[in-house]
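# Survey of secondary and tertiary structure
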Amino acid sequence: MARGQGPATQAERTSTVADTRFFTRQGPFSGEQMAKEAGGEFIPARDGHADGRTYVGIGPLQSAGVAEVSFLDNRRYASLLDGTKAGLVILAPAFAKQVPAGCAAIVSSTPYLAWSRVARMFHPARNSRPGIHAMAIVGASSMVDPSCEVGPFAVIGDGVEIGAGTIIGSHVVIGDGVCIGEDCRIGAHAVISHATLGDRVTLFPGAKIGQDGFGFAVGPAGFETVPQLGRVVLEHDVEIGANSTIDRGSVQDTVIGAGSRLDNLVQIGHNTRLGKCCIVVSQAGISGSTELGDYVTVAAQAGLIGHIKIGSKARIGAQCGVMSDVEAGADVIGSPAMPFREFFRNVATLRRLSKKPESGGTRAGHAGAEEN
Amino acid sequence: MARGQGPATQAERTSTVADTRFFTRQGPFSGEQMAKEAGGEFIPARDGHADGRTYVGIGPLQSAGVAEVSFLDNRRYASLLDGTKAGLVILAPAFAKQVPAGCAAIVSSTPYLAWSRVARMFHPARNSRPGIHAMAIVGASSMVDPSCEVGPFAVIGDGVEIGAGTIIGSHVVIGDGVCIGEDCRIGAHAVISHATLGDRVTLFPGAKIGQDGFGFAVGPAGFETVPQLGRVVLEHDVEIGANSTIDRGSVQDTVIGAGSRLDNLVQIGHNTRLGKCCIVVSQAGISGSTELGDYVTVAAQAGLIGHIKIGSKARIGAQCGVMSDVEAGADVIGSPAMPFREFFRNVATLRRLSKKPESGGTRAGHAGAEEN
Amino acid sequence: MARGQGPATQAERTSTVADTRFFTRQGPFSGEQMAKEAGGEFIPARDGHADGRTYVGIGPLQSAGVAEVSFLDNRRYASLLDGTKAGLVILAPAFAKQVPAGCAAIVSSTPYLAWSRVARMFHPARNSRPGIHAMAIVGASSMVDPSCEVGPFAVIGDGVEIGAGTIIGSHVVIGDGVCIGEDCRIGAHAVISHATLGDRVTLFPGAKIGQDGFGFAVGPAGFETVPQLGRVVLEHDVEIGANSTIDRGSVQDTVIGAGSRLDNLVQIGHNTRLGKCCIVVSQAGISGSTELGDYVTVAAQAGLIGHIKIGSKARIGAQCGVMSDVEAGADVIGSPAMPFREFFRNVATLRRLSKKPESGGTRAGHAGAEEN
């Protein structure tokens, strides 16, 4: 297709994985090589056609060819397995029997993880290209490791430290005194101030880290800004999505625990603390001074008020409105938040009570008639 | 008013349409010229005073003067028609009789469209001012049409193609290999990677297109990033609002169909596909791999989970939480989503059941007493 | 701790207020000095140990030392008072008796305001460092007061006016004709067009002000953009959070009244008007042409449809979905919005009606059994 983009045909839409304009590719790899990397079991094609074959890339079940690897990790797409032309499929043991005769397999009890590692073999993350762009500005007293890449129009203040292998994207702004660890990926247009970042931290484009929390007092002539004197601490392996915002603390730090991943357009208020490996999905918001344990999941568009505690491994459903503490391991949803079972029981109850309001008799008195 | 901005008086607030500091103006135009462009019927003022008059600009009913054009497209503002000083009003046939005697009219069955076209006559969109700013950076192998305008501090990577008449705003970042069509408007601070854009695509400031989807697998030592190997495809005439985020696909493309319009702060997950002429209002979010048909409307702050299908012309209400497929043409609202009628019936039922809990007798057993 | 940031110990997390890498400090100050500034009453330590003592900084109750000032403004943290090592605590009269014997106090009926002012004594906001960075671009016809600070890679258009003492951050884009008052703080990566800003306006990083509203008409070949010909007016002392978006009006102005504060990721539609001293918390959205009175509070993730009126001092709860006018002083929550009391009564009613569905008899007929 020439420049410009009209409505894509279905074929165009599904044949463009790992477009070479955007992605570099390694390989080829044999099934055994991939199985080893993936931690799965290699199963040759039943008809022997795939013996000794190597694979050059990856693709979805619908469009992958015989020299490509595909995967199945979601039961709802299992029907695509029959018609796939992929040369090898990564999947769970339960689907192994459904693999077409000419197709090899890698069987794994964690097929998505196995897939992830195989895809990474073909398309490894790019490394830093050491050097500070001539159009970047770096404060004289800052220490930027020589192995770092700093893009054009980046502005790095004074007293900044940046560890080995880190990539600073174009137009990134890093305030005075900020400390960034090794092998971080700071996306274009991120702004960071009053913060320390561990190693392997990823910020996606437009993330805003360390600005003032939303703090003010009511004074005689209007609101008065309360100084926000804490920091933001992003521990190792944290990931923050595009255009998300994390305010610095007021009198303590805002902390995102090691390995936690935040999606796009997420808001984290001042003094909030997330434990390790928490997940916060897009457009969710966590208000000030709330504390999450480890492995907490906050689904999309959920909102947590301030000054509450969420126990480890709790799961907060999409659009949930959490107004009080949540116990470790609990599953809650609804606004206000309640256990999943209670929420869906409420939904069913209300549906039942609302039916046939025009019919005679008492609405709620005849349970049998309402069971529908 | 001099520099600085105290509380505006009501007069100042309503007299500032098309402030000449910000907008250029064409004209004057006669009523007949405008009616032709608008596809409406010109009706001279009943008292003849407006015969031969031309108009120099546009304004709201409350403040437009005799040489200005105004419009009425919302019944709730019909009372303003009586007192208007506008010289010509664009409106639907139903209101034609209410036009003041000295005021001409353009009557149209689509008055908002007619208004839009007339306003565009006075204030046409500005064209590209060809040239690449001296402070922009363009990769050597990129092909930027000579008619394009590229603003200061823009960064355009390698292998990029940009079609005729496109305007690239200041600080825009365009990654390697990105393809942009003709007559696009890329707002300041937009970031685009792994994407192809059709013709007449508009990105508002701060939109982030093509970053990694939110994909990770649970590994033995924490989350492991799943390579995101798809693209973003924005078809012709797509519009993306300020600070919205569109993730690229994982193994297929994220596609926004031709003519679709997304408002500010919208999130689109990886592999999501919108058909043509969909509308997604501000702060709504659509999770990964969900598919929308054509002419779907998603109202503000609605959320759709992943892997579902929304039929064409469905309408998703504000703050709706959609957890399963929605049929073509359906109107849903609530969380979880349900038909509009059911939602409001539920609201009424619950209100009724909650009333007077302190009263004697069984609450739900006496339907008559509850009808209130 | 060296560069990089592993999981912080609890001690590290709480001992880092006003990290000298990020904050400058004034002082020391005596208790009497602070009490005067704070408008509170100084109460010496009961054991006399603090007589004549001065204080060098501030800290939270858990970690502040004897030369530091702390505060208590939230009942839920009152238990921390016993163990505090702080030399002086700012608090409300109700807690004055609980202050440890060796600790001085400032007692105030507005302790948070008092705290704010004391913290500001130690950490005053920094002033403008006059000068236009060599890498900033300023239109020839613009008038930037010599006392302004303009950061690197800022782009200021033609006909712009900027008042004394204002700081323009790096990468800020200011469109032609924009007028900005005195002592404003425009954060990095803000984009402003078609707007006038009063004095002491603060924009946090990434705020987008003045782009087109979401306006289009349905034409025969798809949507047609409706020219957006109004402005954005930010009155004195307005504050806009990180990555928030405020669209300019279509035929009148979008107005944010004096002293109003908007948090991060807030969306304001075209023609919307906020009165003075409104509060809009993160991720809330206000649709087009809606009008708020003065002192209205809109909590996090609330959404207001267009063309409605919210009376002064109304409070809109978190995640509230407001579909119709709200009276002055009303407290509403829920989606659709309803009075707080009604909302929580509904929640209780539904919980009661949903209980024990497996038990015999009619569910709603035996109220006594349901009272739980």
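Here the structure is shown first, and the text comes after it.
Here we summarise the structure given alongside this text.

Conventions we followed
- Residues numbered from 1 in each chain as written.
- Chains lettered and ligands numbered in written order.
- Predicted model: local features only at pLDDT ≥ 70, side-chain atom pairs only at ≥ 80, totals over all residues.
- Heavy atoms only, no water.
- Helix = DSSP H or I, 4+ residues; strand = E, 2+ residues; numbered from the N terminus.
- Buried < 20%, exposed > 50% of the residue type's maximum accessible area, 1.4 Å probe, protein only.
- Polar contact = N/O pair within 3.5 Å; in protein donor to acceptor, adjacent residues only side chain to side chain.
- Contact = heavy atoms within 4.5 Å.
- Salt bridge = Lys/Arg side-chain N within 4 Å of Asp/Glu carboxyl O.
- Pairing = 2+ DSSP bridges.
- Least-squares fit on C-alpha atoms with pLDDT ≥ 70 in both.
- Phe/Tyr/Trp six-rings, centres within 6.5 Å; stacked < 30°, edge-to-face > 60°.
- Buried area = accessible area lost by both parts, 1.4 Å probe.
- Nonpolar A, V, L, I, M, F, W, Y, C, P; charged D, E, K, R; others polar.

### With respect to the side chain of B:Thr349
Among the structural elements, B:Thr349 can be located in helix α5 (residues 340-354). Among the residues examined, B:Thr349 registers a relative accessible area of 2% and is labelled buried. Here A:Ser354 takes part through its side chain, which lies 2.9 Å from a polar atom of the side chain of B:Thr349. Residue contacts for B:Thr349: discarding those within four places in its chain leaves A:Leu350, A:Leu353 and A:Ser354.

### So, the interface of chain A and chain C
Counting residues at the interface gives 92 residues for chain A, matched by 72 residues for chain C. Across the chain A-chain C interface, the total number found is three salt bridges. Secondary structure elements with two or more residues in the side of chain A that touches chain C: β13 (161-162), β16 (179-180), β19 (195-197), β22 (216-219), β23 (222-225), β24 (232-234), α5 (340-354) and α6 (367-370) of chain A.

### Focus on the sheet that holds strand β39 (residues 331-333) of chain B
All names here are of chain B. Pairing in this open sheet of twelve strands is mixed, and the strands run β8-β11-β14-β17-β20-β25-β28-β31-β34-β37-β39-β40 from one edge to the other. Every interior strand has two partners, whereas the edge strands, β8 (131-132) and β40 (338-339), have only one. One ladder, built from two bridges, connects strand β17 (residues 185-186) with strand β20 (residues 202-203); its direction is parallel. When the sheet's bridge partners are listed, Ile 186 is paired in β20 with Leu 203.

### Digging into the relation of the copies chain A and chain C
What connects the two chain copies is a rotation about an axis and a shift along it. Under the fitted operation, chain A is carried onto chain C by 0.0 Å of movement along the axis and a turn of 120 degrees, and the coordinates agree to an RMSD of 0.1 Å. The transformation just described matches what one would write down for a three-fold rotation axis. Mapped onto chain C, only 14% of the interface residues of chain A are again interface residues, and the two copies thus contact each other with different surfaces.

### Notes on the packing of aromatic side chains
Applying the stated criterion across every chain, the model contains 24 aromatic pairs over all chains. Seen from their ring centres, A:Phe216 and A:Phe223 are 4.8 Å apart, and the 50 degrees between their planes marks the pair as tilted. Just as A:Phe216 is buried, A:Phe223 falls in that class too. Where B:Phe343 meets B:Phe344, the ring centres are 5.0 Å apart and the plane angle is 85 degrees; that geometry is what we call edge-to-face. Among the aromatic residues, those joined into a cluster by ring pairs are A:Phe71, A:Tyr112 and A:Trp115.

### A word on the interface of chain C and chain B
Counting residues at the interface gives 91 residues for chain C, matched by 72 residues for chain B. When the two sides are added together, the surface that chain C and chain B hide from each other amounts to roughly 6,300 Å², 60% of it contributed by carbon and sulfur. Taken together, the links from chain C to chain B amount to three salt bridges. Between B:Arg351 and C:Glu342 there is a salt bridge, with its nearest N and O atoms 3.1 Å apart. The interface formed by chain C and chain B contains 30 residue pairs in polar contact (both at pLDDT 80 or more). Tallying contributions element by element places helix α5 (residues 340-354) of chain C first for the side of chain C that touches chain B, with seven residues. Tallied by class, residues from the side of chain C that touches chain B come to 39 nonpolar, 35 polar and 17 charged.

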